[in-house]
Amino acid sequence: LRDMYSLFGEIIVEEYIKGREFNVSIFGYPFPEVMPIAEIDFSTFPERLHHIVGYEAKWDEDSFEYNNTPRLFDFDIEKSVLMEMGKISLQCFNYFSLRDYGRIDIRVDHQNRVYVIEINANPCLSPDAGFPASLAYSGIDYSGMLQRLMEYMKHRVKNENTSSSFNRSK
């Protein structure tokens, strides 16, 4: 750690949480909703690889990791754990003032304890990304997602302008 600090400056050290990984997409304004939760399937990973979605899994289309981390929407988990993931994700979304859309990445350990590993205020919106996939699984296609995003932004801006006008007139 000292060597890394001397080379790069301040660093963050995170504990690796062994368990299952889930992506919880949140969508909506003014009332954000939990969309279908996806699990990242690491079942084909050899033991030598940590079950994480690192650079290779996200961006290197020729890598083992990219080709072996499918997103699953049909998986087996206790309903109470699923509900806990949704509840915690909405709390994170609101606490960190995310707007219109976001994704919370979660780990669930072998004792079904839920850990937030990332709060993503701007998840990738490319057609093949996880956020649009979650919406598609719920029945909202890509153009529908974009249309709703525009509606949320217009609604939010209208409300913010109304609030600003009200505050200026005091």
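Along each chain, the written sequence defines residue order, and numbers are assigned to residues from 1. Where local features are concerned, this predicted model is filtered to residues with pLDDT of at least 70; where side-chain atom pairs are given and counted, the filter is 80 or more; whole-chain, interface and lining totals use all residues. Side-chain descriptors were evaluated using all non-hydrogen atoms of the structure, hydrogens and water having been removed beforehand.

The relative placement of two aromatic rings is captured by the distance of their centres and the angle of their planes. Each Phe, Tyr or Trp ring (for Trp, its six-membered ring) is paired with any other whose centre lies within 6.5 Å, and the angle between the two planes then decides the class: stacked below 30 degrees, edge-to-face above 60, tilted in between. Enumeration over the complete set of coordinates arrives at eight aromatic pairs. Between the aromatic rings of Tyr 101 and Phe 131, the centroid separation amounts to 5.5 Å while the plane-to-plane angle is 65 degrees, which identifies the pairing as edge-to-face. With Tyr 101 in strand 5 (residues 101-108) and Phe 131 in helix 5 (residues 130-137), this residue pair connects regions lying 30 residues apart in the sequence. Residue Tyr 101 shares its accessibility class with Phe 131, and that shared class is buried. Put simply, DSSP H or I for four residues or longer makes a helix, DSSP E for two residues or longer makes a strand, and each gets a number counted from the N terminus. Here's how the labels work: a residue is buried when its accessible area is under 20% of the maximum for its type, exposed when over 50%, partly exposed in between, all with a 1.4 Å probe on protein chains only.

This part covers the environment of Ile 52. Structurally, the position occupied by Ile 52 is in the loop between strand 3 (38-40) and helix 2 (55-59). Sequence separation between Ile 52 and Glu 65 is 13 residues, and the spatial gap between their C-alpha atoms is 9.0 Å. Leave out the neighbours within four places in its chain, and Ile 52 touches Tyr 16, Glu 21, Phe 42, Phe 45 and Arg 107. Working rule for contacts: check all heavy atoms of both residues, and any pair within 4.5 Å makes them a contact.

This paragraph deals with the pattern of salt bridges. Definition used for salt bridges: Asp or Glu carboxyl oxygen within 4 Å of a side-chain nitrogen of Lys or Arg. Enumeration over the complete set of coordinates arrives at five salt bridges. Residue Glu 21 is joined to Arg 107 by a salt bridge in which the shortest nitrogen-to-oxygen separation is 2.9 Å. Of this pair, Glu 21 sits in strand 1 (residues 20-27) while Arg 107 is found in strand 5, placing the two residues 86 residues apart along the sequence. Note on accessibility: Glu 21 and Arg 107 belong to one class, buried. Note that Arg 113 is salt-bridged to Asp 109, the shortest N-O span being 2.7 Å. With relative accessibility at 7%, the residue Asp 109 sits in the buried group.

For our purposes a nonpolar core is just a set of buried Ala, Val, Leu, Ile, Met, Phe, Trp, Tyr and Cys residues, chained together by side-chain atoms within 4.5 Å. Counting 15 residues, the largest nonpolar core has Phe 22, Val 24, Val 81, Met 85, Ile 106, Val 108 and Val 114 as the members making the most contacts within it. Elements supplying a minimum of two residues to this core: strand 1, helix 4 (79-95) and strand 5. Here this core gets five residues from one element, more than from any other, and that element is helix 4. Residues Phe 27, Met 35, Phe 131 and Leu 149 belong to the second largest nonpolar core, which totals nine residues.

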